Amino acid sequence: MLAQYPSAARRVGKAVAGGRGSIVKRVIPLPRTWLLTSAMLLGVAIGVLGATAALTVDHARMRPDVAIALVVGFPSAVGLLVILLSRRRWLTALGVFIMALAPGWFGVLAVIEVATRG
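Residues numbered from 1 in each chain as written. Predicted model: local features only at pLDDT ≥ 70, side-chain atom pairs only at ≥ 80, totals over all residues. Heavy atoms only, no water.

### A short note on helix 1 (residues 33–55)
The criterion, for reference: By the criteria applied, helices consist of DSSP H or I runs no shorter than four residues and strands consist of E runs no shorter than two, each listed in order from the N terminus. One fewer than the residue count of a helix, multiplied by 1.5 Å, yields its expected span. Working rule for contacts: check all heavy atoms of both residues, and any pair within 4.5 Å makes them a contact.
An ideal rise of 1.5 Å per residue puts 33 Å on 23 residues; helix 1 measures up with 33 Å between its terminal C-alpha atoms. Packing partners of the buried residues in helix 1 comprise helix 3 (89–117).

Spelled out as structure tokens, the structure:
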């Protein structure tokens, strides 16, 4: 039955002494590996493009440590929350995509920081 419904609940352990059921755990529905790697690759690419586009906009000065904390922390927290609460495979892929935005954006910030301050 689990082969037909991969996102179905998984039974864990033996039945309770009274024969009334068993402990049930929910599992995170994982899409195919090629879909997860594609979501990660696209997330990093969009993160790099987004950070590059954000450089062209006039913005307020911010301390570098605060900017890095926001750039890495916010997408990671939102993506992890989407993954943990996902009930469909596409939601898991979306969470992975959101989490993958952070390394791309962080990479551009690190390059800019090194290039401007040496």
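### Overview of the pattern of salt bridges
Selection rule: Each salt bridge in this description consists of a side-chain nitrogen of Lys or Arg and a carboxyl oxygen of Asp or Glu lying within 4 Å of one another. Note on exposure labels: buried denotes an accessible area under 20% of the residue type's maximum, exposed denotes more than 50%, and partly exposed covers the range between, all computed with a 1.4 Å probe on protein chains only.
With the rule as written, the count across this model stands at two salt bridges. A salt bridge links R63 to D65; the nearest nitrogen and oxygen atoms lie 2.6 Å apart. Judged by relative accessible area, D65 falls into the partly exposed class, the value being 45%. Ionic pairing is found between R117 and E113, a salt bridge with its closest N-O pair at 2.8 Å. On the criterion of helical spacing, the pair formed by R117 and E113 is a turn pair, its members being four residues apart in helix 3. When its relative accessible area of 58% is taken as the criterion, R117 is described as exposed. For E113, a relative accessible area of 29% translates into the label partly exposed.

### Points about the environment of A54
Its place among the elements puts A54 in helix 1. Overall, A54 belongs to the partly exposed group, its relative accessible area being 30%. Once the C-alpha coordinates of A54 and W105 are considered, the two residues, 51 residues apart in sequence, prove to be 9.8 Å apart. Setting aside chain neighbours within four positions, we find A54 in contact with H59 and W105.

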